[in-house]
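Summary of the model geometry
For reference, the chains in residue letters:
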Amino acid sequence: MSTVSVSDPMVENVGRRTRRIVASPTQWVVWGGVTAFMIFLIGTVGSVLVNSLGRTWFDAWWPQGFTTQWYGQAWTQFDLSQVFLVTLEVTGAVLLISLLIGVPASYVLARKNFPGKGLLNLLFLMPIMVPPITYGIPLATALYRFGLAGNMSGVILANLVPSVPFVIMTMTPFVEQLDPSLENSARMCGAGTGVIFRRILMPLLVPGMLAAGILVLVRTVGMFELTFLTSGNSSQTIVVALFNSMNAAGIRAQQSVDAMAVMYMLMMLIILLVALRFVNPTQLVARVKEAPQD
Amino acid sequence: MSAEAVPVSAVPADPRGAWRHRMADRGIDRTLWLLLPAVIFVVALFVYPFLYGLSLSLTPGTGETGIFSNYAKFFADSYYSSTIWLTLRLAIPATLFNTLASVPFAYWMRGRFPGKRAVTTMLVVPITLGTVLTAEGLLNFLGNAGWLNRFLMLIHVIDAPLKLTYNYWGVFLSLVLSGFPFAFLLILSYTSGIDPTLERAASTLGASAWQRFMRVTLPLLAPGLATTFSLAFVMAFSVFPSALMLGNPQGEEHVIAIAAYEQAYTYYNYNYASAIAMVMGAVELLVIAAVQLLRRTFYIGTTGGKGA
Amino acid sequence: MTNTVTPAKQFGELRLDGVGRSFGEANALTDLSLTIQQGEFIALLGPSGCGKSTALNCLAGLLPLTHGSIWQDDKRIDMTRPERRGFGMVFQNYALFPHMSVRKNVAFGLEMRKTPSAEIKERVAEAIELVHLEDQAAKLPGQLSGGQQQRVAIARAVVLRPPLVLMDEPLSNLDAKLRLEMRTQIRRLHQALNLTTVYVTHDQEEALSLADRLVVLRLGRVQQIGTPRELYSRPANAFVADFMGYRNLLKSTISAVDGTRVVVDVSGLSVNATAMSGFSVGDACIVGVRPDDLKVVGPGATSDGLIVDGTVEVVEYQGREIVSEVRLPNRLTVTVRTEEDLHPGMRIRVAAEAGRTLAFADDNTVTRVPDLGVSPEAVAAGAP
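These numbers were taken from a predicted model, which means no experiment stands behind them.

**Overview of the overall build of chain C**
The helix and strand inventory of chain C stands at 10 helices and 20 strands. Here the C-alpha coordinates of chain C stretch approximately 75 × 45 × 35 Å along the principal axes. Expressed as a percentage of its 384 residues, the buried residues of chain C come to 53%. Restricting the contact set of chain C to residue pairs at least 6 apart, pairs at least 24 apart contribute 68%. Taken as a whole, chain C presents about 16,500 Å² of accessible surface, with 49% of it coming from carbon and sulfur. Taking the average location of the 42 positive side-chain charges in chain C and that of its 45 negative ones, the two points are 7 Å from each other.

**Looking at the interface of chain B and chain A**
With 97 residues of chain B at the interface, the matching set in chain A holds 102 residues. When the two sides are added together, the surface that chain B and chain A hide from each other amounts to roughly 8,400 Å², 78% of it contributed by carbon and sulfur. At the surface where chain B touches chain A, the tally comes to 0 salt bridges. Viewed at the interface, chain A and chain B are joined by 7 residue pairs in polar contact (both at pLDDT 80 or more). Residues that form the side of chain B that touches chain A fall into these classes: 68 nonpolar, 19 polar and 10 charged.

**Structural notes on the nonpolar core**
Membership of the largest hydrophobic core comes to 225 residues, with the highest contact counts inside it found for Leu-205 of chain A, Phe-184 of chain B together with Phe-108, Leu-166 and Val-198 of chain C. Dropping the residues within four chain positions of it, Phe-108 of chain C is found in contact with Ala-186, Cys-189, Ala-191, Val-195, Arg-199 and Ile-200 of chain A together with Phe-97 and Met-100 of chain C.

**Remarks on the domain arrangement of chain C**
Taken domain by domain, chain C comprises domain 1 (13-233) and domain 2 (246-363). Computed from C-alpha coordinates alone, the two centres of domain 1 of chain C and domain 2 of chain C are separated by 39 Å.

**Section: the sheet that holds strand 6 (residues 88-90) of chain C**
All names here are of chain C. Strand order in the open sheet made by the 6 strands is 6-7-8-3-9-10, with mixed pairing throughout. Because the sheet does not close on itself, it has two edges, and the strands there are strand 6 and strand 10 (221-226). Here the strands of the sheet are splayed against their neighbours by 15° on average, with no regard to which way each runs. In this structure, strand 7 (residues 165-168) lies alongside strand 8 (residues 197-201), joined through 4 bridges in parallel fashion. What sits directly across from Val-165, in strand 8, is Thr-197.

**Topic: the packing of aromatic side chains**
With the rule as written, the count across this model stands at 33 aromatic pairs over all chains. Joined through ring pairs, the aromatic side chains of Phe-224, Phe-228 and Phe-243 of chain A together with Phe-240, Tyr-261 and Tyr-265 of chain B make up one cluster. Of note, Arg-219 of chain A hangs over the ring of Phe-166 of chain A, and the distance from its end group to the ring centre comes to 4.0 Å. Note that Arg-218 of chain C overlies the ring of Phe-239 of chain C, its terminal NZ or CZ placed 5.4 Å from the centroid.

**Overview of the domain arrangement of chain A**
Residues and elements named next belong to chain A. Taken domain by domain, chain A comprises domain 1 (9-67) and domain 2 (72-293). On the side of domain 2, 7 residues touch domain 1, which itself brings 8 residues to the contact. Looking only at domain 1, the three residues that lose the most surface to domain 2 are Val-48, Asn-51 and Ser-52, adding up to 67% of its buried area. At the boundary of domain 1 and domain 2, one finds 0 salt bridges. Broken down by secondary-structure element, the contributors of at least two residues to the side of domain 1 that touches domain 2 are helix 1 (9-53) and strand 1 (54-56). For the side of domain 1 that touches domain 2, the element with the highest residue contribution is helix 1, accounting for 5 residues. Looking at side-chain class alone, the side of domain 1 that touches domain 2 contains 3 nonpolar, 4 polar and 1 charged residues.

Criteria and thresholds
Residues numbered from 1 in each chain as written. Chains lettered and ligands numbered in written order. Predicted model: local features only at pLDDT ≥ 70, side-chain atom pairs only at ≥ 80, totals over all residues. Heavy atoms only, no water. Helix = DSSP H or I, 4+ residues; strand = E, 2+ residues; numbered from the N terminus. Buried < 20%, exposed > 50% of the residue type's maximum accessible area, 1.4 Å probe, protein only. Contact = heavy atoms within 4.5 Å. Areas by Shrake-Rupley, 256 points an atom, 1.4 Å probe, with all protein chains shown as cover. Lys, Arg positive; Asp, Glu negative; His and termini not counted. Charge placed at Lys NZ, Arg CZ, Asp CG, Glu CD. Buried area = accessible area lost by both parts, 1.4 Å probe. Salt bridge = Lys/Arg side-chain N within 4 Å of Asp/Glu carboxyl O. Polar contact = N/O pair within 3.5 Å; in protein donor to acceptor, adjacent residues only side chain to side chain. Nonpolar A, V, L, I, M, F, W, Y, C, P; charged D, E, K, R; others polar. Core = buried A, V, L, I, M, F, W, Y, C linked by side-chain atoms within 4.5 Å. Domains from an automatic or database assignment. Pairing = 2+ DSSP bridges. Axes fitted to C-alpha atoms, helices over the stretch in contact; angles between N-to-C directions. Phe/Tyr/Trp six-rings, centres within 6.5 Å; stacked < 30°, edge-to-face > 60°. Lys NZ or Arg CZ within 6 Å of the ring centre and 35° of its normal.

See the structure below:
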């Protein structure tokens, strides 16, 4: 393909040769890797799914016969209606509060330069950079001291810690790409700050808030450590309930634990499908701007 | 006419207005109030608990003296101090693997091609499922009677089942399964962000595919690699449920998060638990700082000619 | 042209008194004093970074002043918030609200002023008619072309009948042909509505054709304020001359002074010129001549100013005219604009009247690209 006129023919030859040798093995490696990954993924998900539908499964490729009884059993055994309700309430509250706190803050961080901005940015980055267990344990201890842990409020407060920074990290670039002269022109039309927020910024920020909200949703439903550290018996979200039932194995049939896992999985996949209508897969991972390195 | 009569207040000499003006000039005006909820939030829920934990960690337990007694206990007890090594032994290889293996994949997939969204969607699934569910699935899949060992024995690659659960490999594989997609998607966003015309320019200057990758793409990717490594490391280093479920949590996979957790919730020794949590944060931030330092040397080194 | 829109709300004059704006140590605008009469069209002209946009934003209230004051008749307004000043503004990138239709965009300012809805409807329709966008009124800005968006922005500003309209390089994002059309439209609107306008541009042609008065800025300082005619024929200094199309600016030395007439030495060539500032013999100066004031003359011709033989090096065809680089015996080149048919290698004689040959003080504001001294053969062969 290259019609490069290079004076040294060696360069071109090397280019050609590496091309031929590298190109196809790269494809092999890439497809091999993708396949291996898919096998592990499908194997992992599949084992749970098959086990949840199996009567008994012991040292064989497939269970002996299939049944859906475990699902009903899991629902009552683990009090899943309560668990799903808690999950819904916690996620909803975290979603709403983190947007309420995060969006105005990201507006200021995107638009203003003020003394101490660097420090503030660093502070907002820290909850993402520090492992949840590190701040989760002191946080849970502090929350217990104020009687705020072991119940829903504790779970919500703890989950806000990574969620608010996440909203800020997602929304700040989003605000930055809005032309500031829009606000100026609204001002020149006679609009005050309140009107600018209501009539200009809010409608334009809706897509960004949708994306940020979806990301917070996925992360909060899946957040194990912080919920685990701050929840009590009646304030477990689904992922914590799942972990607890697995560790209490022996008392309950492994199949009903897996049935619960499948329900959790279905819930996550539905959220994911909805999420992917609004954001692209990469955004689900992180929309962290280059970490401020001085 | 009167409808648009905008009041123009006469302010020939308003000291408060002038002061407001001067502060606005330095970026201090009423919009800063919008930051208040976020500041209150981060102080109350992050800074305060962190400082509280720090003070707890510096409070000696019963029968101990000295503000560093919890830390001294940690480093004196090899069962606890070894958790640092046991965690790093899992987190660093897993993160390195996830980050480095992502590069060729992401480089190859950086352009637009049909099915790209399908591949990336597939990759998000394990991230979405989370560590607990992944651990449960791997327990079934990798177990002695699991599909993987069955298949490997069927095709006579092995004679006896490989032991892949309740040990290092179980935890390592779970870190790869949930960590690789994370690293890959991040690096993909970085490689997609590199202007493709740069590589085309390099090729018109006579650079081969390998030279283009090494001399143009990789240096531009370096900051992204460092960030990806850091974020992926945060995830791997806080390995907790998968170590409990897939490893041997009292032995070889007694990672630092488990140590902190058991002190807090099994022995109710919050002071000691906080000290362990602080050590955990410090070790993690040290590794990240080292990576960023390395990146800086590497990055300046390859652009070259600019001096230190 | 429709004349149904009632003329803008009047004020007597708007006075800028020593207005300055600094960012930390850097002075973006220094000591701008200017009185704008009602109905005037003022252009702020200068290269990028000269402070013209800073001046406009200070006037709008979007940027606080650091020095000076602004007065509307006898009311001081520089502390008033922009939304309270009641000025209209047209932005360089239009800044139309992307989520509102054309009609909603135009109505926005009136709604902010709590105008009765019947009146809003009527005035919006008028303004849209004024910029000929009746068919696009229901569309969103994203569905319009650049020129149409620009017209919406103008309609949005003038529908308020503001006492002052500020325009920040409104035509710079349009292509050349559209720019000319819009220029005429803006001038027409200004005349029809008697709008007091402050217009920022870096395009001297645009400024000259639109404005009643021009303010030329450089590095935040006013260089000259005057009518287009004044600036064009009597630029205050070499910088303004450069901006007004005096492409031939040659470093020289004063060799004789006689009132406003001076004799200057341009690298060995003696030229009679008109002094634009006080000179004494031996002073460094810059001689400026516009390309169209340099005439190609016959062999026997004489001139009271400059006359010299040279060789044609580069020829650019520009419609009826030719712009040509001519190398003089003293190795300098001059640019000539002529209707004569020139071609590279030709020997010609050029002349300029002393009244059109201006000598400016050398204030180091003008730096010309160093003369490369390529040979005519090389140029003819297509070398750079």
